[in-house]
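Here is what each chain is made of, one letter per residue.
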Amino acid sequence: MEIANYLNFTYKKNINSHFNQPNCNMSYPNLAPLKQDSISFCALKKSDFKGIDRAIIEMFKINPQQLKTKEDLQEIAKQKVDELKQKDYSGRLEETKIQRKAMLGEWFNYVTKENDAYSNTQQLLILSSVVKDLKENNDNIPPVLNKGVLADCIYELESRLKENPNGKFDFNKMYQNKLRESFLEDFSTGETMTGWVKIPSKKNDPDNFEHNVEKLKTLSHKSWCTKSYNARPYLAKGDFHVYLENGQPKLGVRFCGDVVEEIQGEKNDSKIPVKYIDEFKIHMQNENLKLSDKANEEIKDAENRKIAVEKIKKDLGISVELKTIDDALKVLNCFGLEAEKNEDGTGVVISSYKQPDGFSFEDVGVNEIKLFKFVTKIKNSANFRHSQITNLGNLKSIGGAADFRDSQITSLENLETIGAGANFFGSQITSLGNLRIINGYICIENSKLSDNDFANIQYAGKRMLPWV
């Protein structure tokens, strides 16, 4: 039996060597090469793997010496893909779960079933990148699947990694950039382009409707419903125009028939951002757009807010530079926050805190992060929704309730007390800093906090469902 095995191995080795000789003129198109690497006499090294195979070894910290054959790596990759399939991709909202399930179903089905061109390691790279940012405490959704763009990315990445095995790459960014470029082929690049993109409706471009639906999803802001489920029904009713600034969506204009039905900004709050009202009006004139009553009201509202912003800028003057504590007092009082110096004159006490109504601190030329560094005490409630602040700096106490939803705050820093309830729903906070007392209920649903984080904190209330 041992002699037979030896002869069989020698035959395979010799026949493969013969058919791969450069001077061999014999052609056997239907004869697949015999796999020599099914027999290994020494441990594999990382250098034995090329392209994406090698990248997967590094990304998932696989020890190549534990692999008997290169096929073993493919088997490990398959197991990891199966694990990704089984994971729960719920988000903060039920709607997020529905969207993710539908879009991920499309990704997994195509990459693992419909297209057999992708190796298991390529599948793992693709799908692990697609799900990387889908966490329970956020509402991110997967990118739109574009099969052609995906193929281009894999081909390019394989080539790059074979030339430079240690090259760094971000597959998500690479795919998103190429996806934008594919939809913005009349412009130099999808990442830096500034201007209007007009996406025709089903009526105006029936042959390319599916392509245009994907295009709308790709170019929509993450807060817009056209990023997912409403792209199709809206585009079935009318065109959609998107204003991009350095490749990022700033305005979305929805049509019903040939009439503009609504104009939305990044916050999706039915308010045209003051910063972009002039840009839209120029576009409206250039395209001779018709407006619905609702759209007309949105424009009038934005124009009134712009007048208010210009007046505030004039009133504040150079105080917006925030060089002194008196500058901070003037800015805060301009927004009705009843600011005064604290007892030792080193900081500021304010009545409450929230974003200006209808515009932002940035719109009037104020750096909100720099402004808030002066604040040491808030007498009543504090609403940090849509704030640019990332930490609470010198703030020691909040007299009322604190709302951290939709904020960028990651640390409470020196904050010691919150006088009423605290809403951490879906917040980005990872550190409670010096916080010791919460005199009310707390909500930590879908946040990065757990009950353990509150082990040394006194609070008068109890866990509650998300505030609305």
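These remarks concern the structure in this document. Just so it is clear, the structure is predicted and the values come from calculations on it, not from any experiment. (Residues numbered from 1 in each chain as written. Predicted model: local features only at pLDDT ≥ 70, side-chain atom pairs only at ≥ 80, totals over all residues. Heavy atoms only, no water.)

**Concerning the overall build of the protein chain**
Then step 1. Counting its secondary structure elements, the protein chain contains 13 helices and 16 strands.
Then step 2. Considering only intrachain contacts with a sequence separation of at least 6, the fraction spanning at least 24 residues in the protein chain is 46%.
Then step 3. On the protein chain, roughly 25500 Å² of surface is accessible, and the fraction owed to carbon and sulfur atoms is 47%. (Helix = DSSP H or I, 4+ residues; strand = E, 2+ residues; numbered from the N terminus. Contact = heavy atoms within 4.5 Å. Areas by Shrake-Rupley, 256 points an atom, 1.4 Å probe, with all protein chains shown as cover.)

**With respect to the layout of surface pockets**
Then step 1. Looking at the second largest pocket, its volume works out to about 300 Å³.
Then step 2. In terms of lining, the second largest pocket is formed by 17 residues, of which the most central are Ala55, Met59, Leu125, Phe169 and Asp170.
Then step 3. Put simply, the parts of the chain that give the lining of the second largest pocket at least two residues each are helix H2 (51-59), helix H5 (120-131) and helix H7 (171-183).
Then step 4. By residue class, the composition of the lining of the second largest pocket is eight nonpolar, five polar and four charged. (1 Å grid on protein atoms, 1.4 Å probe; cavity = no way out; pocket = protein on both sides within 12 Å on 5 of 7 lines; lining within 4 Å. Points joined across faces, edges and corners; volume = space filled by probe spheres on them. Nonpolar A, V, L, I, M, F, W, Y, C, P; charged D, E, K, R; others polar.)

**A few points about the sheet that holds strand E16 (residues 458-459)**
Then step 1. Taken together, the seven strands give an open sheet; going across it, the order is E6-E7-E8-E10-E12-E14-E16, and neighbouring strands pair in mixed fashion. Lying at the two open borders of the sheet, with one neighbouring strand each, are strand E6 (340-341) and E16. (Pairing = 2+ DSSP bridges.)

**Examining helix H12 (residues 325-334)**
Then step 1. Within the span of H12, buried status applies to Ile325, Asp327, Ala328, Leu329, Val331 and Leu332.
Then step 2. Along its buried surface, H12 packs onto helix H11 (293-316), E6, strand E7 (348-350), helix H13 (368-372) and strand E8 (375-378).
Then step 3. Just downstream of H12 lies Gly336, where phi reads positive at about 75 degrees. (Buried < 20%, exposed > 50% of the residue type's maximum accessible area, 1.4 Å probe, protein only.)

**With respect to the pattern of salt bridges**
Where side chains of opposite charge bring their charged atoms close, a pairing between them can arise.
Then step 1. Taken as a whole and judged by the stated rule, the model has 21 salt bridges.
Then step 2. Put simply, Lys250 and Glu266 hold a salt bridge, and the shortest N to O gap is 3.3 Å. In this pair, Lys250 sits in strand E3 (residues 248-256) while Glu266 sits in the loop between strand E4 (259-264) and helix H10 (277-287), placing the two residues 16 residues apart along the sequence.
Then step 3. For Glu266, a relative accessible area of 31% puts it in the partly exposed group. (Salt bridge = Lys/Arg side-chain N within 4 Å of Asp/Glu carboxyl O.)

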